[in-house]
Amino acid sequence: MSKIIRIGTRDSQLAMWQAKTVQSQLEHLGHKTVLVPVKSTGDLVLDKPLYEMGITGVFTKTLDIAMLNGSIDIAVHSLKDVPTILPKGIIQAAVLKRGNINDTLVFKDNEEFLSARDAVIATGSLRRRAQWLNRYPTHTIVGLRGNVNSRLEKLENNEDWNGAIFAGAGLGRLNLTPENSINLSWMIPAPAQGAVMVTALESDEETRAILAEINDEITQICTSIEREFLNRLEGGCSAPIGAICYINKEEEVNFKGILLSTDGTKKIEVTKVVPFGKHDELAEFCADYVIGKGGKILIDELTQGDKVTNIYSTRKLTNDQLAKFHDDVVAQSNDAVKINPNRLTKSVVRNEIENVIITSKNTVESLLTNFSAVELQFKNIYCVGRKTKRLVEKRIGKVKHHENYAKDLAEHMAEFMDGTEVTYFHSNLRLDTIPEILSKNNIKVNEIEAYETKFDSEKVDGDLDGVMFYSPSTVQSFLQQNKAKGIAFCIGETTATEARKHYKDVRVAKIPLVESVVELVNEFYE
């Protein structure tokens, strides 16, 4: 190549080391180069706003602009600092052979503080902070920013600090690794940590061909898997995400990833090994696994930050249910009622019962707490709700008929039920709907209180857009601690009847399922 390759770099000591390493490799191959330190964007003029080009990286955008502006031919980056989606027109052209992947703890006097209850560790990385607190929950983390030299100096000058965490590669490349330091082999590094990446213009085929000569294929494969994992989790520098991939002597691709809450109390890990050549879907598999184990909830919590709760659920929601909410929903959930099975005597089920009514899964659990399935000799079982029906048929016996609502079930039984007597298992807070309709139709109702429902709602701070209710008792319990504000999103008409006593705007799900109430909430935000 006759022209001189202009190598763009930030002007920090570590960035210059990286750029000089690239320069050395290119010149070793016979190419002419020159380093171009780029310090600010003030004198670089572009025709389009940065956001239209997808320029987002806090450590990379200055070099991106310089390249698009024609001031440099290539740019050298620490790959872990590069956004997973590059600006339009810029591509990853080479990755150098990877260095030390580990995080390194630099400590003051000795390592005894690691076993102490109280210690102070400095780091500016959320990932390092979260993993440290997960392992040492009683320790204190303080912020630490700046270049490698300034951070080492701050550690030395702060008497209260026991240690600080650095990237092992950065310390080693500058020959600054202190004797009083250890690699944290248990800490999963940032995706692509320890790797140097070179970008070029997509249209510059000549330069791209030259950079291909210094590309390390193994490092490229492993870091690409790590970065795809990061991208699929929709995380960036602000998310505590770690990933490491390597290829062993048996030509197996090994991957380990982690996602944590910022305080380290929640952690989701994934480990996967696949044969080399069958690794194309490795990142997708591992990201989906983390998301399925509650990762989306953690990411949502991170992206929502200090947003105020706007929807409250009076039933504790699962991770899958929380994941179905609209992006504008900041949901909080807890059980507004607690269920305690009552003690039932053997005489209740000594003889076969011709007709039985079961209106909730709580009734099923209560019956099976007191009796074995064999003891429950029920000839005709009538249920409210499809989930209750499925549970009854799985654990007790076949259901003769079910309806989604108590009123519909009672009316059906009044017209079609065999016999004139029914046993109704319910809670201490049952509604009058079923007994009233059946009694009016000359059907005797033997009521048995199978379980006790206790109000256990919490006080919710701030104004809510709406509250999700699943039974009349959840409405009553919630209003013991809170005022009726916003919209009442109800699972069915029975619940809505109670809610209308207190709320002006009451909306009812089309199907009596928690997921249908979530859809009802989403419709409001859409």
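Residues numbered from 1 in each chain as written. Predicted model: local features only at pLDDT ≥ 70, side-chain atom pairs only at ≥ 80, totals over all residues. Heavy atoms only, no water.

## Structural notes on the nonpolar core
Formed by 23 residues in total, the largest nonpolar core has its most connected members in Ile 225, Phe 229, Ile 241, Phe 255, Leu 282 and Val 290. When residues in this core are grouped by element, the largest group, seven residues, is from helix H9 (residues 282-304). If we ignore the near neighbours within four places in the chain, the residues touching Val 290 are Phe 229, Leu 233, Leu 259, Ile 268, Val 270 and Gly 295. One finds Val 356, Val 364, Val 392 and Val 399 within the second-largest nonpolar core, a separate group that totals 21 residues. (Core = buried A, V, L, I, M, F, W, Y, C linked by side-chain atoms within 4.5 Å. Buried < 20%, exposed > 50% of the residue type's maximum accessible area, 1.4 Å probe, protein only. Helix = DSSP H or I, 4+ residues; strand = E, 2+ residues; numbered from the N terminus. Contact = heavy atoms within 4.5 Å.)

## Quick notes on the side chain of Ser 457
Here Ser 457 shows up in the loop between strand S21 (444-455) and strand S22 (466-469). Those residues in contact with Ser 457 that lie beyond four places of it in its chain are Ala 336, Ser 477, Phe 478, Gln 481 and Asn 482.

## Quick look at the environment of Gly 172
Among the structural elements, Gly 172 can be located in helix H6 (residues 168-173). For Gly 172 and Phe 371, which are 199 residues apart along the polypeptide, the C-alpha to C-alpha distance reads 68 Å.

## Looking at the pairing of strand S18 (residues 378-384)
Moving residue by residue along a regular strand, the side chains alternate between the two faces of the sheet. With respect to burial, S18 is a largely interior element, six of its seven residues being buried. Bridge count for strand S17 (residues 353-358) against S18 is five bridges, and the pairing is parallel. Bridge assignment links Ile 357 to a residue of S18, and that residue is Tyr 382. The parallel pair S17 and S18 is bridged by helix H11 (residues 361-370), and the resulting crossover is right-handed. In terms of strand pairing, S18 meets strand S19 (residues 401-403) through three bridges, oriented parallel. Along S19, the bridge assignment pairs Tyr 382 with His 401. (Pairing = 2+ DSSP bridges. Right-handed = clockwise from strand over helix to strand, strands pointing away.)

## Focus: unusual backbone geometry
If you check the backbone angles, Asn 175 has positive phi at about 55° while not being a glycine. Mapped onto the elements of the fold, Asn 175 is located in the loop between H6 and strand S9 (181-184). Unusually for a residue other than glycine, Asn 442 sits at a positive phi of about 60°. With respect to the helices, strands and loops of the structure, Asn 442 is situated in the loop between helix H14 (433-440) and S21. A residue is classified by how much of its surface remains accessible, and Asn 442, at 66% relative accessible area, is exposed.

## Structural notes on the sheet that holds strand S24 (residues 505-508)
Taken in spatial order, the five strands make up an open sheet running S15-S14-S22-S23-S24, and their pairing is parallel. Either end of the sheet is taken by a strand with one partner, and the two such strands are strand S15 (331-333) and S24. Strand-to-strand twist of the sheet, defined as the mean angle between neighbouring strand axes without regard to direction, takes the value 20°. Sheet topology note: the strand S14 (residues 311-313)/S15 ladder contains three bridges and is parallel. Following the sheet pairing, Ile 311 is matched in S15 by Ala 331. Where helix H17 (residues 514-525) meets the sheet, it contacts S14, S22, strand S23 (487-490) and S24, and its direction lies at approximately 145° from that of S23. (Axes fitted to C-alpha atoms, helices over the stretch in contact; angles between N-to-C directions.)

## Observations regarding the confidence of the model for the chain
In the predicted model, the chain carries a mean pLDDT of 89, and the fraction of residues at 70 or more is 94%. Of the regions scoring below 50 in pLDDT, residues 40-58 engages in 28 contacts with residues more than four places distant in sequence or in other chains. (pLDDT = per-residue confidence, 0-100.)

## Brief notes about the sheet that holds strand S11 (residues 241-247)
Read from one edge to the other, the open sheet built from three strands follows the order S11-S12-S13, with strand pairing classed as antiparallel. Strands at the two margins of the open sheet, each flanked by one partner only, are S11 and strand S13 (267-275). Recorded for the sheet is a direction-independent mean angle of 10° between the axes of neighbouring strands. Two strands pair when backbone bridges link them, and S11 and strand S12 (residues 252-260) are joined in this way by seven bridges, in the antiparallel orientation. Considered in S12, the bridge of Cys 245 is made with Phe 255. Relative to the sheet, helix H4 (residues 126-135) contacts S11, S12 and S13, its axis offset from that of S12 by approximately 85°.

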